[in-house]
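In case you want the letters, here they are:
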Amino acid sequence: MERFDDAWLTLREPIDHRARASALTDRLSQAWSAAGWSRVVDLGSGTGSNLRFLDGRLAEVEEWTLVEQDPDHVARLRAVSPTSGRVDVQTRDLASSAVEGVWSAHLVTASALLDLVSKSWLETLVGACADAGAAALFVLSYDGQVGWERASGTGSLEASALDTLVLDAVNSDQQRDKGFGPALGSLAGVTAERLFRAAGYRTWLEPSPWRLAATEAALVRRLVAGWQEVAASVEPNQVSELARWADDRVRSLAAGHVTVEVGHVDLLALPPGNR
Ligand SMILES: C[S@@+](CC[C@H](N)C(=O)[O-])C[C@H]1O[C@@H](n2cnc3c(N)ncnc32)[C@H](O)[C@@H]1O
């Protein structure tokens, strides 16, 4: 099982909330109220970030079903207390338990989950949403783009050979099996949009990049350390160059000399017949 520790989820939550494509939330909120929807299922809930974002933005939620397999996160989810609606926390492995658990939902949502899943799992999920006539909101799927920029606003840093090596290694690692079969990684957002359209849904796919500067240095430190580790496993003969690269990038960012943008996409899919 792929673990995402509490500290990491806590670090990313405000950045995720800021990055989300607000136009999609607005459109969903209108459709939600117009249809009189009331039940949300959140897949791979972590510690509840997606609920905390949607709470108050969707009118009169009656039920939040939170599905999560990590027992540490489940313990925190049990303490989540939204402004409206009861919370049902389900400890389940989404990869092995049927996603048809979404039947009773008006909205099926997930934050930072879709890039972990396989195409066949996603096809089953989209089919289950379509059978239920449920809307879908899948946010913060990594899209394979990372860009370092000069903080002075004088443009992008030219990608070095190490930048390219790291990005290729990371994007290939994104496709590693995370428990659902070969992962979609950076193709998750566009693949989900295509599947929902084929099922007759109206869809909106919007960028939701992380824009990270010195104030986010703690998250960047962890992110770059992870990238360094992945790249070093692909190119063990460049371990020391990669360590220097990582150190330089983190120091430059913390000192305010560079920023980094990490691409994500948000997808909203509204079922046929919904206005
Ligand atoms: C990147 S985290 C995102 C968590 C949360 N949605 C957020 O936005 O902070 C992915 C979450 O999916 C959960 N997850 C991954 N695979 C899962 C599976 N097979 N069944 C249930 N949950 C899973 C992880 O435990 C983790 O909490």
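Preceding block: the structure.
Since we're looking at a predicted model, the values are computed, not measured.

**Let's talk about the site of the ligand**
Here is step 1: Taken together, 18 residues lie near the ligand, and Gly 44, Glu 68, Asp 93, Leu 94 and Ser 111 sit nearest.
Here is step 2: In this structure, a nitrogen atom belonging to the ligand sits 3.5 Å away from a main-chain N or O atom of Arg 92.
Here is step 3: With respect to the detected pockets, the ligand is housed in the second largest pocket.
Here is step 4: Looking at the shell around the ligand residue by residue, the class counts come to seven nonpolar, seven polar and four charged.

**What about unusual backbone geometry?**
Here is step 1: In this structure, Glu 60 is a non-glycine residue whose phi angle is positive, near 50°.
Here is step 2: Tracing the backbone through its elements, the reader meets Glu 60 in the loop between helix H3 (49–54) and strand S2 (63–68).
Here is step 3: Here the phi dihedral of Leu 140 falls at roughly 60°; this positive angle occurs in a residue that is not glycine.
Here is step 4: Summarising the element assignment, Leu 140 is placed in strand S5 (residues 135–150).

**Considerations on the layout of surface pockets**
Here is step 1: A volume near 760 Å³ is recorded for the largest pocket.
Here is step 2: Forming the boundary of the largest pocket are 25 residues, of which Glu 2, Phe 4, Trp 8, Gln 174 and Leu 223 lie nearest the centre.
Here is step 3: Sorting the residues of the lining of the largest pocket by element identifies helix H1 (6–19), S5, helix H6 (161–173), helix H8 (217–234) and strand S8 (258–270) as the ones contributing at least two each.
Here is step 4: The element that contributes the greatest number of residues to the lining of the largest pocket is H8, accounting for six residues.
Here is step 5: What the second largest pocket holds in volume is close to 510 Å³.
Here is step 6: The wall of the second largest pocket is formed by 33 residues, among which Phe 4, Gly 44, Gly 46, Glu 68 and Leu 113 lie closest to the centre.
Here is step 7: Tallying contributions element by element places H1 first for the lining of the second largest pocket, with five residues.
Here is step 8: By residue class, the composition of the lining of the second largest pocket is eleven nonpolar, eleven polar and eleven charged.

**Regarding the pattern of salt bridges**
Here is step 1: Going through the model one piece at a time under the given rule, you end up with 15 salt bridges.
Here is step 2: With its nearest N and O atoms 3.5 Å apart, the salt bridge here joins Arg 3 to Asp 72. Here the residue Arg 3 occupies a position in the segment before H1, and Asp 72 occupies one in helix H4 (residues 71–77), the gap between them amounting to 69 residues.
Here is step 3: With a closest N to O distance of 2.7 Å, Glu 13 and Arg 52 form a salt bridge. Of the two residues, Glu 13 is situated in helix H1 and Arg 52 in helix H3; the sequence distance between them amounts to 39 residues.
Here is step 4: We classify Glu 13 as buried; its relative accessible area is 14%.
Here is step 5: When salt bridges with common partners are traced through the structure, they connect Arg 3, Asp 70 and Asp 72 into a single cluster.

The rules behind these values
Along each chain, numbering runs from 1 in the same order as the chain's sequence is written. pLDDT decides what is reported in this predicted model: residues at 70 or higher carry local features, side-chain atom pairs at 80 or more are listed and counted, and totals for whole chains, interfaces and linings draw on all residues regardless. The side-chain numbers reported here are obtained from all heavy atoms of the structure, hydrogens and water having been left aside. Proximity criterion: a residue is near a molecule or strand once any of its heavy atoms comes within 4 Å of it. N or O atoms closer than or at 3.5 Å make up a polar contact, with two conditions inside protein: a donor-capable atom paired with an acceptor-capable one, and, for residues adjacent in sequence, both atoms drawn from side chains. Here the term cavity refers to a set of points on a 1 Å grid, laid over the protein atoms alone, in which a 1.4 Å probe fits but cannot get out; the term pocket refers to an open set having protein on both sides within 12 Å along at least five of seven lines, with lining residues being those that place an atom within 4 Å of a point. Here the criterion for a molecule occupying a pocket or cavity is that more than half of its atoms lie within 2 Å of the pocket grid points. Each residue gets one of three labels, nonpolar for Ala, Val, Leu, Ile, Met, Phe, Trp, Tyr, Cys and Pro, charged for Asp, Glu, Lys and Arg, and polar for the others, Gly among them. In DSSP terms, a helix is any run of H or I states spanning at least four residues, a strand is any run of E spanning at least two, and both are numbered starting from the N terminus. Grid points are joined across faces, edges and corners, and a volume is the space filled by probe spheres set on the points. For this analysis, a salt bridge means a side-chain nitrogen from Lys or Arg found within 4 Å of a carboxyl oxygen belonging to Asp or Glu. Exposure categories follow from relative accessible area, calculated using a 1.4 Å probe and restricted to protein chains: below 20% of the type maximum is buried, above 50% is exposed, and the middle band is partly exposed.

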